[in-house]
Structures are given as C-alpha cells and as structure tokens.
Amino acid sequence: MKILLIGSGGREHALALKLKASLDPVELYAAPGSDGMKAQGTCVDLGAEDVAGLAAWCAEHRPDLVIIGPEGPLVAGLADAVRALDIPVFGHDAATARLEGSKIFAKDFMQRHHIPCAASVAVRDLDAGEREIRTWTHGYPIVLKADGLAAGKGVVLAGTEDEALATLRSFLAGEYGEASRAVLLEAPLFGMELSFHVLVDVDADHARFLPLPPCQDHKRIFENDQGPNTGGMGAFGPIPFLKAADVQRMVDELVVPTVRGLQADGLRARGVLFLGVMWDAGGPKLLEYNCRFGDPETQVLMHLLDEDLPQLLLEVAEGRLQREKVKLHPGCALSVVLAAEGYPAAPKQGVVIDMGTPAVTVIHAGTRKTNGTWVVNGGRVLNLVTHAGNLATARTRISEALDSVQWPGMQVRGDIGLRALKHAEAGKGVADAW
Ligand code: AMP
Ligand code: GLY
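Residues numbered from 1 in each chain as written. Chains lettered and ligands numbered in written order. Predicted model: local features only at pLDDT ≥ 70, side-chain atom pairs only at ≥ 80, totals over all residues. Heavy atoms only, no water.

Turning next to the site of ligand 2. Taken together, D217, K219, G231, F274, R292, G294, D295, P296 and E297 are the residues near ligand 2. The separation between a nitrogen atom of ligand 2 and a polar main-chain atom of G231 is 3.2 Å. Contact distances for ligand 2 include 2.8 Å between a nitrogen atom and a side-chain N or O atom of E297. Isolated, ligand 2 exposes 200 Å² of accessible area, and the fraction of that covered by the protein chains is 89%. (Near = heavy atom within 4 Å. Polar contact = N/O pair within 3.5 Å; in protein donor to acceptor, adjacent residues only side chain to side chain. Areas by Shrake-Rupley, 256 points an atom, 1.4 Å probe, with all protein chains shown as cover.)

Encoded structure:
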C-alpha cells in the first residue's frame, strides 16, 4: 500500500512505525516528515499546510491512502482537496475539523446536541466581554479560550478578575492573530482529566465509531503538575483506575450524541476525534474536541493496538468501518517526553544529543541530524515509549532507559503515571479527587 503521511512530529513518527509494522508491504511517504522518520519512509519536501502542493503531489503519485496528522491542514481543507481526487483520506473535512478549529463552534455543537460541558459565553467585543467578566457568577478561575487554533497556547485559567480582564484585552487585541479576535469565557471544571480517542466514520447513511483505550496526559512542565502548560510531557494508557463501566458512560454520554450530532448536522467524519474530558463530581464533561490524534497519546495508543494500522485507517478513510472493538495488547503503554532546555517558553536549539541504544522505542519529535549527529530541533525532542504488563513495570523500564539518552539541559518528568498508579493502588476511582 502506498501511503502519504502528513506531519513531522512525535505523533507522526509513532504512526509511521506502526504503519511499517504491517504484515503487508507499505511504501511510506511523509510530508514534510523528519530526519527521524527517514528510517521508515521517504520525506516529501512540502509543508503540512501546503494544501495546493500536497494535492498536486497526490494527483501525480496517486497514494492508496493519505493520513493527516496535525489539525492545521485539516482545518485548512487538505482532506477535502485530496478526497476530491478520489483518494481515500484518514482525516476530516474542513467543515468537521471546525470542531477543533473554532471553540465557539464546538461549544454551540455541544449545547445543540445536549453533550455535558462547562457553561460558557462567547464574546467578540471588549465592552461586552468586560461586562461578562465583571458580573461573572460561574466561579474562578475563569477559563478564557481563543476561538481559533493557537498552537495549543490559547487557553488561560485566570484566577482573578484583573487577570481575566487583562487576558481578554490581550486576546481581543490579536495576541493570537485572528484566532483570538473571538473568545470563549468558560466556567471552570474540577476533576480528573482524560484523553479519549474514538475513530469515527459518519456519513448521511451511517454513523459508526470505535473507541480506543482512554489515556492520561501530563500537561505541566514540572513534576507534581507544577509550572506552565506544555503540549504534553508524557502519557500512559489504559488508565488503571478507570473501569469498563466508566468508559461505557463516556461512550453513552459523550460519544453517541457527538456521532449522532455530526450526522444530524450533515457533517461527514472520516478520522479520529480526541475528546478532552474532565470527569467531575457529576460525571464526564467534554472540555474540547480535537479532530486529530493527541501527542504524546498516539505514542501510547500505537503501542497498545494489536491491529494492522493501514487496514484499520483505510476502513475509516473509505467509510466502511465495521468492527465494534479494537484488538489490544494486554498491559499498559507509557510515553515519556524528553524536552529541550527552556521549553516551553524558549527551547534551546542545536544541542548535541547523546543517543545511546535504550531498550525501549525511541520516537523523534523535534530532532535533526547534522553530519551524522542528532541535535535538538524543537521543544519536545524525543519520546521514550514502552509497553509492559502493568504501569509500574513500564515506569521502571523507561527510568532505566533514561541513562542511555540525554543532553545538557534536557527536561524530563520522572512522575509520568505515578499519581494514577497510587490512585489505583489506594482503591480510588475516576470520580475521586487525586
Ligand atoms: P485546550 O488547549 O483546550 O486543550 O485546554 C488546555 C487545558 O486547559 C486543558 O487540557 C485543561 O487542562 C484546561 N481546561 C480547559 N477548559 C477547562 C475548564 N473549563 N475547566 C478547567 N480546565 C480547563
Ligand atoms: N496531548 C494533548 C494534545 O495533543 O492536544
């Protein structure tokens, strides 16, 4: 099967490795890809958001399947452009990707389809927004969200009225360009945050979905969830304290109304939806939709899946997803991010990586090879990923592997999965506070 994979990060490297693990031969191309992905395929020198260039490449090379990793090209209409060439695409139409591309659109969708979520109000001008903040009755912190894509940075939890007003002014003045000219003010939710990925295949005549195991990400840069937010410093799955009945509840209360809502609204879905979930005292609430796989969640999911990935994604891309359960390897997978010095504010680039031979999977997220040497080329640089019988064993394996990969200033959290492990060992569940 000839496959074009769009993207260049850790998520895409994890997908590339799993695609190449298929029993059938896979001829893999990645645009733009990365030096780390060159062992799996051929890099195509086109940017992930170069819709016209990528469509032209597809018209010439006729891949059997195109897989779109990041949200940018989905929101920009790459899936639509390639699908128009009659080439199967794993990735949603731009109209559906608005669920991630506009937080206000997503919130309207959730409310229209009675999906449990935080109370909110959309504001587009400063006077109205200031009035909302001054008369806010939903509790603190006020969550301010830039409406559009802001590279994962457009959410601020403001602890005071002054901070909320300052954030609102900065957003509306264009801190994230057009993406923050409209802002969603949201009530805070307190509880257990989960990443729930579901493959979705929705069209006028069918609405099917296939849940993947829920994972947990760790967003803060420092251990014990301290410091600024990042794209994610590590993830694991499945979650040891989450019961089958809990997963079923998320399916019933969040996924089923989403899939029915997509169909009712005439939105075709041919890809993955990654639901950001906050499980509070009242049950699961939807924080947000992502129209693509999470990073570093994908690294975990690819280690858990006992499926032929090209076939599975092709079924979704061709609108013929039939299975109701995915086959999984037993046990647990864990992905730990190795980040650059100064990440997330100002990651220090070009530092030489001492790359040994760890006994776990090494995923390249932000590296470059110069004269045969790997150097730092991004914020999240590498992931170490493993699969083991349980989370405790997986943690031990990663911690042993850390001796073999490092560079001066490298940042790594040693506590990925630890809190969940203790929570499970204490007999606590998803509705119990940490
Ligand atoms: P996002 O960029 O939308 O993923 O949001 C970033 C993070 O902000 C989420 O992962 C949550 O941890 C947090 N967050 C978003 N919305 C809320 C909310 N209503 N209440 C509490 N935390 C939130
Ligand atoms: N790990 C969170 C995300 O991919 O958005």
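Taken together, 14 residues lie around ligand 1, and E186, A187, L189, E193 and E288 are the ones closest in. Here a nitrogen atom of ligand 1 sits 2.7 Å away from a polar atom, N or O, in the side chain of E186. L189 is positioned such that a nitrogen or oxygen atom in its backbone is 2.9 Å from a nitrogen atom of ligand 1. Within the complex, the protein chains bury 88% of what would otherwise be the 480 Å² of accessible surface of ligand 1. Only β7 (142–146), β8 (155–158) and β17 (283–290) provide two or more residues apiece to the shell around ligand 1. In the shell around ligand 1, the residues fall into eight nonpolar, no polar and six charged. (Helix = DSSP H or I, 4+ residues; strand = E, 2+ residues; numbered from the N terminus. Nonpolar A, V, L, I, M, F, W, Y, C, P; charged D, E, K, R; others polar.)

On to unusual backbone geometry, then. A cis geometry characterises the amide bond from Y140 onward to P141, with omega recorded as 0 degrees. With respect to the secondary-structure elements, P141 resides in the loop between α7 (126–134) and β7. Residue D295 is joined to P296 through a cis peptide bond whose omega torsion reads 25 degrees. Even without being a glycine, D86 presents a positive backbone phi close to 70 degrees. Mapped onto the fold, D86 is located in the loop between α4 (78–83) and β5 (89–90). Look at D86 and you get exposed, because its relative accessible area is 68%. (Buried < 20%, exposed > 50% of the residue type's maximum accessible area, 1.4 Å probe, protein only.)

A word on the pairing of strand β16 (residues 269–280). Along β16, 12 of the 12 residues are buried, which leaves the element largely enclosed by surrounding structure. Bridge count between strand β10 (residues 192–203) and β16: 11 bridges; the pairing is antiparallel. Bridging across to β16, E193 finds its partner in M278. For β16 and β17, the ladder comprises seven bridges, and the chain directions are antiparallel. Counterpart to D280 in the pairing with β17 is G283. (Pairing = 2+ DSSP bridges.)

With that out of the way, let us pick up the nonpolar core. Among the nonpolar cores identified, the biggest contains 58 residues, and L194, L275, Y289 and W407 are the most heavily contacted of them. By residue number, the principal contributor to this core is helix α9 (residues 244–264), which donates seven residues. When residues no more than four places from it in sequence are discounted, the contact partners of L194 are C215, Q216, I239, L242, M250, L275, G276, V277, W279 and V430. (Core = buried A, V, L, I, M, F, W, Y, C linked by side-chain atoms within 4.5 Å. Contact = heavy atoms within 4.5 Å.)

Take the sheet that holds strand β12 (residues 216–217) next. Pairing is antiparallel in the open sheet, where five strands are placed in the order β12-β15-β18-β23-β20. This sheet does not close on itself; its edge strands, each paired only once, are β12 and β20 (361–364). Strand direction decides the pairing type here: strand β15 (residues 234–237) and strand β18 (residues 332–339), joined by four bridges, are antiparallel. Bridge pairing in β18 places F236 opposite L334.

All right, on to the side chain of K103 then. For K103, the location among the structural elements is in helix α6 (residues 103–112). Classification of K103 by relative accessible area gives buried; the value is 18%.

Where β10 lies against strand β11 (residues 206–211), six bridges are found, and the strand directions are antiparallel. Note on β11: the bridge partner recorded for V202 is A207. Linking two consecutive strands that pair antiparallel, namely β10 and β11, is a turn of two residues.

Take the packing of helix α1 (residues 10–20) against helix α10 (residues 297–304) next. Interaxial distance between α1 and α10 falls to 8 Å at its minimum, and their mutual angle equals 15 degrees. As judged from the angle between their axes, α1 and α10 are roughly parallel. Like other packed secondary-structure pairs, α1 and α10 cross with a definite hand, here left-handed. The residues of α10 that touch α1, namely those facing G10, R11, A14, L15 and K18, are T298, Q299 and M302. Classifying every residue of the contact of α1 with α10 by side-chain character gives three nonpolar, three polar and two charged. (Axes fitted to C-alpha atoms, helices over the stretch in contact; angles between N-to-C directions. Parallel < 35°, antiparallel > 145°, perpendicular 65-115°, else oblique. Left-handed = near helix turned anticlockwise from the far one by under 90°.)

Next up on the list: the side chain of H218. Topologically, H218 is positioned in the loop between β12 and β13 (220–222). When neighbours within four sequence positions are excluded, H218 is seen to be in contact with T230, G232, M233, G234, A235, F236, R413, D415, I416 and G417.

A few words on the packing of aromatic side chains. Summed over all chains, the structure comprises five aromatic pairs. A ring pair is formed by F109 and Y289, whose centres lie 5.8 Å apart and whose planes are at 80 degrees; its orientation type is edge-to-face. Of this pair, F109 sits in helix α6 while Y289 sits in strand β17, placing them 180 residues apart in sequence. (Phe/Tyr/Trp six-rings, centres within 6.5 Å; stacked < 30°, edge-to-face > 60°.)

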